[in-house]
Amino acid sequence: MASRNGGNKASTGSGAALSRKMQQLRSATHSSAVSEESILKDASRYIQELKEKVEKLIEDVENSHQDPLPVIKVKTLKKGFKIKVFSENSNPGLLVAMLEAFDELGLDVVDARVSSTNSFLLEAMNEGGSGRIDDKAVEQALAQAIMKWKQQQD
């Protein structure tokens, strides 16, 4: 009988440890359940939600690496700007978005070279803008045009 009592003490001790672990699990999973079975069900749902969030984050990261935004470089010239827009992808419709941005800025394209076979490259010499805009304003306007174009693609 002495061994039975010793066994009861061990099982009572492990029962208290299990109870503490269940309360920790309940707290970590934001469960309001009382029974062990309900706590485990809530924990299982919580783990599934976390897995789905991780999968979505991984997908978002993969998508952001697959289609980076075009790089914009603007250099101020005496009578305008030299603008270079480059992307590793061909990006259909991007040229139109850039030309519309030039128009909104009041910039006339004096000379341009465009390539969009496997990548996108626009090099343009622009004049105009009435001296009221600087290279940073042009860069910002082009970045906004790219973002607007990107949203239309998604």
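Just so you know, these numbers come straight off a predicted model, no measurement behind them.

Conventions adopted
- Residues numbered from 1 in each chain as written.
- Predicted model: local features only at pLDDT ≥ 70, side-chain atom pairs only at ≥ 80, totals over all residues.
- Heavy atoms only, no water.
- Salt bridge = Lys/Arg side-chain N within 4 Å of Asp/Glu carboxyl O.
- Helix = DSSP H or I, 4+ residues; strand = E, 2+ residues; numbered from the N terminus.
- Buried < 20%, exposed > 50% of the residue type's maximum accessible area, 1.4 Å probe, protein only.
- Patch = residues over 30% accessible without salt bridge, like charges linked within 9 Å, V, L, I, M, F, W, Y side chains within 5 Å.
- Areas by Shrake-Rupley, 256 points an atom, 1.4 Å probe, with all protein chains shown as cover.
- Lys, Arg positive; Asp, Glu negative; His and termini not counted.
- Charge placed at Lys NZ, Arg CZ, Asp CG, Glu CD.
- Contact = heavy atoms within 4.5 Å.
- Polar contact = N/O pair within 3.5 Å; in protein donor to acceptor, adjacent residues only side chain to side chain.

S.K.: Could you give an account of the pattern of salt bridges, with specific residues and numbers?
M.R.: Applying the stated criterion to the full structure yields three salt bridges. One salt bridge in this structure joins Arg45 and Asp42, with 2.8 Å as the shortest N-O distance. Of this pair, Arg45 and Asp42 both sit in helix H2 (residues 36-66), three residues apart, which is roughly one turn of the helix. Overall, the relative accessible area of 48% leaves Arg45 in the partly exposed class. Accessibility expressed as a relative area gives 22% for Asp42, which makes it partly exposed.

S.K.: Hey, could you go over a negative patch on the surface for me, with residue numbers and the actual values?
M.R.: A cluster of acidic residues, Glu49, Glu52, Glu55, Glu59 and Glu62, forms a negative patch on the protein surface. Inspection of the secondary structure assignment puts Glu55 in helix H2.

S.K.: Account for the environment of Glu123, naming residues and giving values.
M.R.: Of note, Glu123 is situated in strand E4 (residues 120-128). Glu123 gets classed as partly exposed once you look at its relative accessible area, which sits at 22%. Taking the C-alpha atoms as reference points, Glu123 and Val85, 38 residues apart in sequence, are found 6.7 Å from one another. The residues contacting Glu123, other than those within four sequence positions of it, are Ile83, Lys84, Asp111, Ala112 and Arg113. In terms of polar contacts, Glu123 uses its side chain to reach the side chain of Arg113, at 2.4 Å.

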